[in-house]
Amino acid sequence: MNKSKPYEISKTIVLEAYKRVKRNKGSAGIDGIDFEDFEENFKDNLYKIWNRMSSGSYFPSPVLAVEIPKKDGGKRRLGIPIFHQDSYGYRPGKSALAAVGKARERTWKYDYVLELDIKGLFDNIDHGLLMKAIEKHVEEKWIKLYIVRWLETPFRTIDGNIIERKSGTPQGGVISPVLANLFMHYAFDTWMDRNYPNCPFERYADDAIVHCKTLKETEEVRKSLERRMEEVKLELHPEKTQIVYCKDKDRLRDYPITEFDFLGYTFKAMYIKCRDGKMRNNFLCYVSKKSGKSFRDKIKSLELHKRTGITLQMVSEILNPLVRGWINYFSKYNPSAMKYTLYIIEERIIKWAMCKFKYFRGRKMRAKTWLSQVKKREPDLFVHWKVGIL
């Protein structure tokens, strides 16, 4: 007599999950087994996973903890429903750029912005509160079982030490973005709708901004949110959370903070020509200095000037994928602000040419003239040549 499985999990679900992980180019876990190793005995390996999950005997392996640098210093630990319309992170049909666009529109209508940063969201999500949110949307016992086990799976550091997890969901984990969004949906999104329906917001994971009409209203929202975060066992970052006045040609009050950064863009007044031909301050957004520097540092780290054994075509194949993504994101709003970064990219190519060819060594203008001639002959060789800013 066959014993029935305690959890009704179809093999199709497990297979589809595997395909999705592969499509997303997931990396090997603590066991070091990659897709190639797994697929050497694909059917048996997949069957073993399904059998253990459907019998309730599956326990996730420890998550490999990898420390990656954060832009503001320090490090972030990386481990491998229904949402609000203004929640833009990790959702189909939503994007960071869409959040930037909506924020841009609202800063024209609302005088003040409360710039928020949830301190260590992924590290500090309370497991008990998170499971309450999951209970509202998940009926399947096996899903809840494995979410709990996955949340409690310890970290294993590179040197082999085990770190127990009592809170948080590892950033970079497959299910972490969904869990973080679900948690913040109740901790922040719906709470804002209930308590401050006239203060719209944009949120992307732990980065969020709230729009308010008056300074008094903004200060009230800030204090209330500080209390709310304490209730859900989180904390607003004391330095990154601030009130901003959207000062421009029509809003002329004195206030110490008149600009903010959100998802790589800086929002502030820019002195530009209006439709009537006159120059005025308008509250707009453009690529932030921090984002520009970060990308320039990334390009410099390639050390192209040391790769004298490659051709110019190969240089373009290295640069183009990186530059294309950067341009696609930051050319949406005020693309002229990208000029300096694109200029630096051009300088790196010139430096490469000076190192590769003896004829150009110590003669930058000669190398620059040569590159200009190449640009005329092959205007599509580099992505940034097509932008038309330089």
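Residues numbered from 1 in each chain as written. Predicted model: local features only at pLDDT ≥ 70, side-chain atom pairs only at ≥ 80, totals over all residues. Heavy atoms only, no water.

Some remarks on the sheet that holds strand β10 (residues 265–273)
Selection criterion: Think of it this way: DSSP has to see at least two bridges between two strands before they count as a pair. The way it works is that DSSP assigns letters per residue, a run of H or I at least four long becomes a helix, a run of E at least two long becomes a strand, and they are numbered from the N terminus. Note on definitions: angles span 0 to 180 degrees between N-to-C directions of axes, and those axes are lines fitted to C-alpha atoms, for helices only across the stretch in contact. Note on definitions: a residue-residue contact is assigned when non-hydrogen atoms from the two residues lie within 4.5 Å.
The three strands lie next to each other as β9-β10-β11, forming an open sheet whose pairing is antiparallel. Whereas interior strands pair on both sides, the edge strands pair on one side only; in this sheet they are β9 (260–262) and β11 (279–287). Averaged over neighbouring strand pairs, the angle between their axes works out to 45° when direction is ignored. With three bridges joining them, β9 and β10 adopt antiparallel strand pairing. By the bridge assignment for β10, F262 is matched with Y265. Against the sheet, helix α4 (residues 96–107) contacts β9, β10 and β11, and its axis sits at roughly 55° relative to β10.

Section: the packing of helix α8 (residues 176–195) against helix α9 (residues 215–231)
Rule in force here: Two helices cross in a left-handed way if the nearer one is turned anticlockwise from the farther one by less than a right angle. They cross in a right-handed way if the turn is clockwise. Throughout this entry, Asp, Glu, Lys and Arg are counted as charged residues, while Ala, Val, Leu, Ile, Met, Phe, Trp, Tyr, Cys and Pro are counted as nonpolar. The remaining residues, Gly among them, count as polar.
In contact at an axis separation of 11 Å, α8 and α9 are set at 145° when each is read in the N-to-C sense. Here α8 and α9 pass one another in a crossing that is right-handed. Residues Y186, A187, F188, W191 and M192 of α8 touch α9, and the partners they reach there are S224, L225, R228 and M229. A breakdown of the residues in the contact of α8 with α9 according to their chemical character gives seven nonpolar, one polar and one charged.

Overview of the packing of aromatic side chains
Using the following cut-off: Each aromatic pair joins two rings of Phe, Tyr and Trp (for Trp, the six-membered one) with centres within 6.5 Å, and gets the label stacked for planes under 30 degrees apart, edge-to-face for over 60, and tilted for any other angle. A ring has a charge above it when a Lys NZ or an Arg CZ is no more than 6 Å from the ring centre and no more than 35 degrees off the ring normal.
Going through the model one piece at a time under the given rule, you end up with 19 aromatic pairs. Between Y329 and F330, the aromatic rings sit 4.8 Å apart at their centres with planes inclined by 90°, giving edge-to-face as the arrangement. Pairwise contacts between aromatic rings join Y265, F295, W326, Y329, F330 and Y333 into one cluster. Over the aromatic face of Y110 sits the side chain of K213, whose NZ or CZ is 4.5 Å from the ring centroid.

Details of a negative patch on the surface
Using the following cut-off: Every patch collects residues that have over 30% relative accessible area and no salt bridge, joining them within 9 Å if they carry like charges and within 5 Å if they are nonpolar side chains (Val, Leu, Ile, Met, Phe, Trp, Tyr). Working definition of accessibility: Shrake-Rupley area with a 1.4 Å probe, residue cover restricted to the visible protein chains. Here a salt bridge means any side-chain nitrogen of Lys or Arg lying within 4 Å of a carboxyl oxygen belonging to Asp or Glu. Here the positive residues are Lys and Arg and the negative ones are Asp and Glu; neither His nor the chain ends is included. By convention, the charge on Lys lies at NZ, on Arg at CZ, on Asp at CG and on Glu at CD.
A grouping of D34, E36, D37 and E40 is seen on the molecular surface, where their side chains present a negatively charged patch. Here D34 lies in the loop between α1 (11–23) and α2 (35–38).

A look at α8
Applicable threshold: Multiplying one less than the number of residues by 1.5 Å gives the expected span of a helix. In this scheme, the bend at a residue equals the angle between the axes fitted to the seven residues that finish there and the seven that begin there. Categorising residues by exposure relies on relative accessible area from a 1.4 Å probe, with only protein chains included: less than 20% of the type maximum marks a residue as buried, more than 50% marks it as exposed, and the intermediate range marks it as partly exposed.
Taking 1.5 Å as the rise per residue, α8 with 20 residues should run 28 Å; its terminal C-alpha atoms sit 27 Å apart, in good agreement. Along α8, the sharpest kink reaches roughly 50°, centred on H185. Counting buried positions over the 20 residues of α8 gives 15, a clear majority of the element.

Description of the sheet that holds strand β3 (residues 112–117)
As summarised here, the arrangement of the four strands in space is β6-β7-β3-β8, forming an open sheet in which the pairing is antiparallel. Whereas interior strands pair on both sides, the edge strands pair on one side only; in this sheet they are β6 (201–204) and β8 (242–245). Neighbour-to-neighbour, the strand axes of this sheet turn through a mean angle of 15°, independent of strand direction. Two elements, β3 and strand β7 (residues 207–212), share six bridges in a ladder whose sense is antiparallel.

So, the environment of W150
Within the secondary structure, W150 is located in helix α7 (residues 141–152). Relative accessible area serves as the criterion here: at 16%, W150 is assigned to the buried category. Taking the C-alpha atoms as reference points, W150 and T169, 19 residues apart in sequence, are found 8.7 Å from one another.

Side note on the pattern of salt bridges
In this structure the tally under the stated criterion is 17 salt bridges. A salt bridge links E226 to R222, with the shortest nitrogen-to-oxygen separation between them at 3.5 Å. Here E226 and its partner R222 are both found in helix α9, four residues apart, which amounts to about one turn of the helix. In this structure E226 comes out as partly exposed when scored by relative accessible area, which is 36%. In this structure R222 comes out as partly exposed when scored by relative accessible area, which is 23%.

By themselves these figures say nothing about function.
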